[in-house]
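What follows is each chain in one-letter form.
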Amino acid sequence: MGRMNNIPPRRFGSLAAAMVTPMTAGGEIDLQSAQRLAIKLVDEGCDTILLSGTTGESPTTHQPEKNDLTDAVREAVGDRAFILCGACSNDTAHAVRIGEGAQEHGADGIMIVSPYYNRPSQEGLRAHVRAVTDATDLPVMLYDIPGRTGIAFSDATLDILAQHPRILGVKDATGDVETGVERMHRTGLEYYSGDDGLNFAWMTGGASGFISVVAHVASAHYRRMIELLDTDQVWEARELSYSLRPLVHAIMGGGQGAVMAKYALWLQGVIDSPAVRLPMVGISDDEVSALRRALLAADLL
């Protein structure tokens, strides 16, 4: 059966940008640039905006700032996009407060990452997720990225959490599409690609969509890829995916997508500064030049 006749559910949309948090040169959050960026992303094809995720520098932004950012983006895009907010911390009580704040400030859903660094047991991971989930009335997406957190969601944990009525999806950045497809079918959870280099593979495996960093500059291309796949034009989608590989490598190849995405947006004139907060740092002039060349080659400057 073709994908056109079997499009998966998309309760979190199909194309999300894991949005950077724009900052001034002095390190303050730039809400005007954030609103301008959110409008650009939605205009170019995103139906979901993820705020305060890793790309949004969630470890170094504080709750009042997160709430202000949610307010500003909601004001900018209204009901044109699903607002998904990270409730991400290795302190369960802190993650609960972030989730509660997200709901109070108009989020449509929250994303929960496995607790990083302290590496709890699977029982502890499940207890963490349940505590944050039960603190709001919002639909929940889990975020499985063991390369950053040091702890993966096990099969048993996903099977148990999938029984919760408001845990509906997974952002998968494990790099293991085969296992993810198996889990997707077994649990009934919606799966979203968390790795731009694997977006095409995930979608052909039945994923609902992807949560992208490269979408900051390529939303229109990714929207087109989704449309092609939804209408069974797999070969055309494959070629489009392949054409984007140099851009994906330029932004994600060094593992600092948040930094590179900010510089790309700054080069495009969308945000006023590429500033990041420590421990993130800026890039060299040579790296800026290489990024500029990649954007020019993709006709994005």
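The rules we used
Residues numbered from 1 in each chain as written. Predicted model: local features only at pLDDT ≥ 70, side-chain atom pairs only at ≥ 80, totals over all residues. Heavy atoms only, no water. UniProt positions renumbered as here; feature names shortened; annotations may be inferred. 1 Å grid on protein atoms, 1.4 Å probe; cavity = no way out; pocket = protein on both sides within 12 Å on 5 of 7 lines; lining within 4 Å. Helix = DSSP H or I, 4+ residues; strand = E, 2+ residues; numbered from the N terminus. Contact = heavy atoms within 4.5 Å. Core = buried A, V, L, I, M, F, W, Y, C linked by side-chain atoms within 4.5 Å. Buried < 20%, exposed > 50% of the residue type's maximum accessible area, 1.4 Å probe, protein only. Points joined across faces, edges and corners; volume = space filled by probe spheres on them. Nonpolar A, V, L, I, M, F, W, Y, C, P; charged D, E, K, R; others polar. Axes fitted to C-alpha atoms, helices over the stretch in contact; angles between N-to-C directions. Parallel < 35°, antiparallel > 145°, perpendicular 65-115°, else oblique. Left-handed = near helix turned anticlockwise from the far one by under 90°. Pairing = 2+ DSSP bridges. Disulfide = S-S within 2.5 Å.

- The name given to the protein in an unreviewed UniProt entry is 4-hydroxy-tetrahydrodipicolinate synthase, with the source organism recorded as Schaalia odontolytica.
- Annotation of the protein in UniProt includes, under Sequence similarities (unreviewed entry), the sentence "Belongs to the DapA family."
- Quoted verbatim from the Subunit (unreviewed entry) heading of the UniProt record, the comment on the protein is "Homotetramer; dimer of dimers."

1. Focus on the UniProt feature "site: Part of a proton relay during catalysis" (unreviewed entry) in the protein
(1) Moving on: Sequence positions flagged by UniProt for "site: Part of a proton relay during catalysis" (unreviewed entry) are, in local numbering, Thr54 and Tyr117. Lining residues of the largest pocket drawn from the annotated set just named are Thr54.
(2) Moving on: Residue position: threonine 54 is located in the loop between β2 (48–51) and α2 (63–77).
(3) Moving on: With sequence-adjacent residues up to four places away left out, threonine 54 is seen in contact with Tyr143 and Arg148.
(4) Moving on: Along the chain, tyrosine 117 falls in the loop between β4 (109–113) and α4 (122–133).

2. What to know about the nonpolar core
Soluble, globular proteins show a tendency: their nonpolar side chains are buried together.
(1) Moving on: Grouped together as the largest cluster of nonpolar side chains are 96 residues, with contacts concentrated most on Met19, Ile49, Val73, Leu142, Tyr222 and Met225.
(2) Moving on: For this core, the element with the most residues is helix α9 (residues 215–230), which contributes eight residues.

3. Here we look at the layout of surface pockets
(1) Moving on: If you add up the space inside the largest pocket, you get close to 770 Å³.
(2) Moving on: Residue assignment for the lining of the largest pocket shows that the elements contributing at least two residues are α5 (146–149), α11 (245–252) and α12 (257–268).
(3) Moving on: It is α5 that provides the largest number of residues to the lining of the largest pocket, a total of three residues.
(4) Moving on: Tallied by class, the residues present in the lining of the largest pocket amount to 16 nonpolar, twelve polar and five charged.

4. Examining the packing of α11 against helix α13 (residues 285–297)
(1) Moving on: Where α11 contacts α13, the two axes come as close as 9 Å, and the packing angle between them is 155°. Taken as axis vectors, α11 and α13 run roughly antiparallel relative to one another. The interaxial crossing formed by α11 with α13 has left-handed handedness. Across the interface between the two elements, Leu247, Ala250 and Ile251 from α11 touch Leu291, Ala294 and Leu295 from α13.
(2) Moving on: Each residue belonging to the contact of α11 with α13 can be placed in one class, and the counts come to six nonpolar, no polar and no charged.

5. Some details on the sheet that holds strand β8 (residues 209–212)
(1) Moving on: Strand order in the closed barrel made by the eight strands is β1-β2-β3-β4-β5-β6-β7-β8, with parallel pairing throughout. Recorded for the sheet is a direction-independent mean angle of 25° between the axes of neighbouring strands.
(2) Moving on: Sheet topology places strand β7 (residues 190–193) next to β8; two bridges connect them, and they run parallel. Paired with tyrosine 192 across the bridge in β8 is glycine 209.

6. Some remarks on the state of the cysteines
(1) Moving on: Evaluated as defined, the whole model comprises zero disulfides.
(2) Moving on: Cysteine 46 takes part in no disulfide bond, and the closest cysteine sulfur, belonging to cysteine 85, lies 15 Å away.
(3) Moving on: Here cysteine 46 falls in the buried class, since its relative accessible area comes to 3%.

7. Observations concerning the UniProt feature "binding site: pyruvate" (unreviewed entry) in the protein
(1) Moving on: As recorded in UniProt, the feature "binding site: pyruvate" (unreviewed entry) lies at Thr55 and Ile211. These annotated residues cover 157 residues of sequence, but their C-alpha atoms sit close together, with the largest distance between any two at 10.8 Å. Lining the largest pocket, from the residues just named, are Thr55 and Ile211.
(2) Moving on: Inspection of the secondary structure puts threonine 55 in the loop between β2 and α2.
(3) Moving on: For threonine 55, a relative accessible area of 12% gives the class buried.
(4) Moving on: Those residues in contact with threonine 55 that sit more than four places away from it in its chain are Ala18, Met19, Val20, Thr21, Val213, His216 and Ala258.
(5) Moving on: Within the secondary structure layout, isoleucine 211 lies in strand β8.
(6) Moving on: The exposure class of isoleucine 211 is buried, given its relative accessible area of 3%.

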